[in-house]
Number of protein chains: 2
Amino acid sequence: MENYKNSKISQYPLDKIIRLLSSILTKYDNIYTTIEKSYIPFLEACNIIKVMESEKIISVNNEKIEITDKGKKIVEELRVTELIDNKCPLCKGKGLNIEKYKNFMIKFEEITKNRPKPVQNFDQGYVTPITNFLRISLAESYGNIKNKKILILGDDDLLSIALGLTSLPYEITVFEIDKRIVNYIKDISKEYKLNINPIEFDLREKVPDYYESYFDTFFSDPPETIDAFKSFIGKGIFALKKYGGAGYFGITLVDASLNKWNNFQKIISNDFNVVITDIIRDFNEYENWDYHENTPAYKALIIKKQPDRIWYKSTIYRIETIGSSTGYNEKLDTNILQDEENATS
Amino acid sequence: MENYKNSKISQYPLDKIIRLLSSILTKYDNIYTTIEKSYIPFLEACNIIKVMESEKIISVNNEKIEITDKGKKIVEELRVTELIDNKCPLCKGKGLNIEKYKNFMIKFEEITKNRPKPVQNFDQGYVTPITNFLRISLAESYGNIKNKKILILGDDDLLSIALGLTSLPYEITVFEIDKRIVNYIKDISKEYKLNINPIEFDLREKVPDYYESYFDTFFSDPPETIDAFKSFIGKGIFALKKYGGAGYFGITLVDASLNKWNNFQKIISNDFNVVITDIIRDFNEYENWDYHENTPAYKALIIKKQPDRIWYKSTIYRIETIGSSTGYNEKLDTNILQDEENATS
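The shown structure was predicted, so the numbers you read here are calculated from the model rather than taken from an experiment.

**Points about the overall build of chain A**
Reasoning step 1: A tally of helices and strands in chain A yields 12 helices and 9 strands.
Reasoning step 2: Computed over its C-alpha atoms, the radius of gyration of chain A comes to 21 Å, within 12% of the 20 Å expected for a compact globule of 345 residues.
Reasoning step 3: A principal-axis box enclosing the C-alpha atoms of chain A has dimensions of 65 × 40 × 35 Å.
Reasoning step 4: The buried share among the 345 residues of chain A stands at 62%.
Reasoning step 5: Of all intrachain contacts in chain A linking residues separated by at least 6 positions in sequence, the fraction that spans at least 24 positions is 77%.
Reasoning step 6: If you sum the accessible surface of chain A, you get close to 13700 Å²; carbon and sulfur atoms cover 46% of it.
Reasoning step 7: Positive and negative side-chain charges of chain A, numbering 47 and 51 respectively, have mean locations separated by a distance of 2 Å.

**Notes on helix α9 (residues 179-192) of chain A**
Residue and element names in this part refer to chain A.
Reasoning step 1: Taking 1.5 Å of rise per residue, the 14 residues of α9 would be expected to cover 20 Å, and the 20 Å separating its terminal C-alpha atoms lies within 8% of that figure.
Reasoning step 2: Of all the residues in α9, the buried ones are Ile181, Val182, Tyr184, Ile185, Ile188 and Ser189. Looking straight down α9, one finds its buried side chains confined to an arc of 165°; they lie on one side. Every exposed residue of α9 that faces more than 90 degrees away from the buried side is listed here: Lys179, Asp187, Lys190 and Glu191.
Reasoning step 3: Buried residues belonging to α9 abut α6 (102-111), α8 (159-166), β4 (171-176) and β5 (196-200).
Reasoning step 4: Positive phi appears at Lys193, one or two residues downstream of α9, with a value of about 55°.

**Some remarks on the relation of the copies chain B and chain A**
Reasoning step 1: After a rotation of 180° and a shift along the axis of 0.0 Å, chain B superposes on chain A with an RMSD of 0.0 Å. One copy is carried onto the other by what is essentially a two-fold rotation axis.

**Section: the pattern of salt bridges**
Reasoning step 1: What the rule picks out here adds up to 48 salt bridges over all chains.
Reasoning step 2: In this structure, the salt-bridge partner of Glu205(A) is Lys331(A), at a minimum N-O distance of 3.0 Å. Of this pair, Glu205(A) sits in the loop between β5 and β6 (217-220) while Lys331(A) sits in the segment after β9 (313-322), placing them 126 residues apart in sequence.
Reasoning step 3: Bridged by salt links that share partners, the residues Asp15(A), Arg19(A), Arg318(B) and Glu320(B) form one connected network.

**Remarks on the pairing of β6(A)**
Residue and element names in this part refer to chain A.
Reasoning step 1: Here β6 shows no split at all, with Thr217 and Phe219 on one side and Phe218 and Ser220 on the other all buried.
Reasoning step 2: Where β6 lies against strand β7 (residues 243-251), 4 bridges are found, and the strand directions are parallel. Along β7, the bridge assignment pairs Thr217 with Ala246.
Reasoning step 3: Remark: the β6/helix α10 (residues 226-238)/β7 crossover connection has right-handed handedness.

**Some points on the interface of chain B and chain A**
The figure often quoted for interface size is the accessible area lost as the parts come together.
Reasoning step 1: Contacts between chain B and chain A engage 52 residues on the former and 52 residues on the latter.
Reasoning step 2: Summed over both partners, the interface of chain B with chain A buries about 4600 Å², with 51% contributed by carbon and sulfur atoms.
Reasoning step 3: Of all residues in chain B, the largest losses of buried area upon contact with chain A belong to Arg79(B), Asn86(B) and Ile279(B), amounting jointly to 16% of the total for that side.
Reasoning step 4: On inspection of chain B and its partner chain A, the count reaches 4 salt bridges.
Reasoning step 5: Elements with a contribution of two residues or more to the side of chain B that touches chain A: α2 (14-25), α7 (129-141), β7 (243-251), α11 (258-271), β8 (275-285) and β9 (313-322) of chain B.
Reasoning step 6: No other element matches the 8 residues that α11(B) contributes to the side of chain B that touches chain A.
Reasoning step 7: Across the side of chain B that touches chain A, the residue classes tally to 21 nonpolar, 16 polar and 15 charged.

**Notes on the environment of Met1(B)**
Residues and elements named next belong to chain B.
Reasoning step 1: Structurally, Met1 can be placed in the segment before α1 (2-5).
Reasoning step 2: On the accessibility criterion, Met1 (43% relative accessible area) is partly exposed.
Reasoning step 3: Each C-alpha atom, one on Met1 and one on Leu165, is 58 Å from the other, the two residues being 164 residues apart in sequence.
Reasoning step 4: Not counting residues up to four positions away in its chain, the partners in contact with Met1 are Leu14, Glu77 and Leu78.

**Some words on the packing of α2(B) against helix α3 (residues 31-38) of chain B**
All names here are of chain B.
Reasoning step 1: The geometry of α2 relative to α3 is characterised by a closest axis approach of 8 Å and an angle of 140° between their N-to-C directions. Classified by the interaxial angle, the pair formed by α2 and α3 is oblique. In this structure, the crossing between α2 and α3 has a hand that is right-handed. Judged by residue contacts, Arg19, Leu20, Ser23 and Ile24 of α2 engage Thr33, Thr34, Lys37 and Ser38 from α3.
Reasoning step 2: Split by residue class, the contact of α2 with α3 holds 2 nonpolar, 4 polar and 2 charged.

**Some remarks on the environment of Met105(A)**
Residues and elements named next belong to chain A.
Reasoning step 1: Note on placement: Met105 falls in helix α6.
Reasoning step 2: Distance from Met105 to Ile130, taken between C-alpha atoms, is 7.3 Å for residues 25 residues apart in sequence.
Reasoning step 3: Setting aside its immediate chain neighbours within four residues, Met105 contacts Ile98, Pro129, Ile130 and Phe133.

**With respect to helix α5 (residues 69-77) of chain A**
Residues and elements named next belong to chain A.
Reasoning step 1: Residues of α5 that are buried include every one of Gly71, Ile74 and Val75, and no others. Down the axis of α5, the buried side of the element spans an arc of 105°, and every buried residue falls inside it. Across α5 from its buried face, at more than 90 degrees, point the exposed residues Asp69, Lys73 and Glu76.
Reasoning step 2: Check the buried side of α5 and you find it contacts α1 (2-5), α2 (14-25) and β2 (64-67).
Reasoning step 3: Positioned one or two residues after α5, Arg79 has a phi angle of 55°, which is positive.

**Quick notes on unusual backbone geometry**
Reasoning step 1: One non-glycine residue, Leu158(A), lies in positive phi territory at about 60°.
Reasoning step 2: Within the fold, Leu158(A) resides in the loop between β3 (149-153) and α8.
Reasoning step 3: What makes Leu158(A) buried here is its relative accessible area of 1%.
Reasoning step 4: Phi is positive for Ser213(B), which is not a glycine, with a value near 60°.
Reasoning step 5: Structurally, the position occupied by Ser213(B) is in the loop between β5 (196-200) and β6 (217-220).

**Considerations on the state of the cysteines**
In protein structure, a disulfide is the covalent linkage between the sulfur atoms of two cysteines.
Reasoning step 1: Under the definition given, this model contains 0 disulfides over all chains.
Reasoning step 2: Not engaged in a disulfide, the cysteine Cys88(A) finds its nearest cysteine sulfur in Cys91(A); these two sulfurs lie 3.7 Å apart.

Cut-off values and rules
- Residues numbered from 1 in each chain as written.
- Chains lettered and ligands numbered in written order.
- Predicted model: local features only at pLDDT ≥ 70, side-chain atom pairs only at ≥ 80, totals over all residues.
- Heavy atoms only, no water.
- Helix = DSSP H or I, 4+ residues; strand = E, 2+ residues; numbered from the N terminus.
- Rg over C-alpha atoms; globule rule 2.2 N^0.38 Å.
- Buried < 20%, exposed > 50% of the residue type's maximum accessible area, 1.4 Å probe, protein only.
- Contact = heavy atoms within 4.5 Å.
- Areas by Shrake-Rupley, 256 points an atom, 1.4 Å probe, with all protein chains shown as cover.
- Lys, Arg positive; Asp, Glu negative; His and termini not counted.
- Charge placed at Lys NZ, Arg CZ, Asp CG, Glu CD.
- Expected span 1.5 Å × (residues − 1).
- Arc of directions from axis to C-beta.
- Least-squares fit on C-alpha atoms with pLDDT ≥ 70 in both.
- Salt bridge = Lys/Arg side-chain N within 4 Å of Asp/Glu carboxyl O.
- Pairing = 2+ DSSP bridges.
- Right-handed = clockwise from strand over helix to strand, strands pointing away.
- Buried area = accessible area lost by both parts, 1.4 Å probe.
- Nonpolar A, V, L, I, M, F, W, Y, C, P; charged D, E, K, R; others polar.
- Axes fitted to C-alpha atoms, helices over the stretch in contact; angles between N-to-C directions.
- Parallel < 35°, antiparallel > 145°, perpendicular 65-115°, else oblique.
- Left-handed = near helix turned anticlockwise from the far one by under 90°.
- Disulfide = S-S within 2.5 Å.

Written as structure tokens, this is what we have:
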């Protein structure tokens, strides 16, 4: 490992170097995909790429990253191999069938054409319509949709509208800070008789006691700081029934490291005292958003270009209550959107 | 909820009653499937079924379970609905493609025809050949197979042979208590030049220091008591490199409740200090085994019959080391195979 050890890249954990070199070796045609497939936090990946370039392990020409002869020696030393994609060709690794929701999906795309655009101050960025119906498909399989009381904590994804179109839930409530989205859902719900109850609500506030243990199921897509995680997921759990209540939420490896995942999992197990029943990689896919050029992610890129594809994905977690959880229901006055790993808001 | 509350079933958590009634309502043609799809621990499901029958909520005739008129009232009260299966028709919800391993799979079935039969005193029971290659497919996607040093803790599944056939790993080591299996793997490995290193080893013992942080990847399928979990998974982690080492193991909801899962997850996050990256339901499928009639599961059944299909499945967990874990490497003198939730060993 002489070449590796004599290089400045040895200051980073070895597995991250191996992963990034694997991804570069696989020769994706775009830097967003190269970073995505490394599953390293975006900013850290950008930093390592810059160090690799300065150490002449890789070269960057015409928007392409290549491994140099010096780099090839390190690749050999570290037994780095190309990445292999073994995902199911039909469901793309999600494991689910969404064929039966096809007409709802077409309807959803039709009626949400004029949806509010994502804004940076609420860390918005919404999932594809397919992702919404994958979530419904997963939760329906678990018996968490039909006849159920459902809460959505933050809904720029407009999952409430997708759910409403299926007519499956017993009740759909949305807590949402952004007036534009609250009003949008209200209008659509009225026009199409979807029976959604959107409430303007800042999740830094305490959830009213009325909602304690009220819901069967929640969905959320929280900002990925510890405080935001507590505010969104902890309050979701506070609002879930004590036994067999289910929560679904997305966590990325773009804005969060595995160390942060470890912290999230400690909070889930110890503080929330709920059980994780599913973790499915790359389940949620996000449309690109307009304010990308103003984010730390864009600024850190060695090749400055706009993404021409979906590259921001998240892992879905499913949790279940087992009787002993109270969740978390405190008021927070801090900025819950920012920490040092955040790249995209 | 008057009918529910006036019945003895109200002594059980409501979600378990709902799940079991959902499964019965779905009218599977076999009691093993009815219990499987409820995802309640086997013995608890059997107990609840007996109470439901004595309370005349269900009736059992000609090996069929039906909901009575009294039961239908409870079904309505509790908003119970039929179960829905939204799994991908191609990969059956596993999310993976194993087409490219087809020839290896045929070869595997051919050469393992005379494999040792599962014995009860080691809690044996092996997975289908497809399951072995699904595990390989998943781990290969994560870069945890090719050129990697791989440890298998307990291998009546003969995963080592499946791995050996692919020629992908750098090294394959097996720790196995059962002499029959050690010798079997040794013979096959010699005959087919698979280069597997099987070691006779009781996992209640300490793993030699030589193996600390030695491996890139481990696989295991532990008995589901807390002590067995520590002995198998903790020692697997002890033997993994400190950064980016990956462990794969199966946990059921047959022999373990979600409460026990919560305990496993606390051990994973707090004691082992590793991160869970994937939890995929029903990933592993197990062939039926000869000693089933001698297990608590069989004894608890209200309809005594042998299974005519695969019904024992487990969820796969993938964990990753993040630098700060030492795993667990203590000697245990206790019986690590038995606890009150165990149904099948």
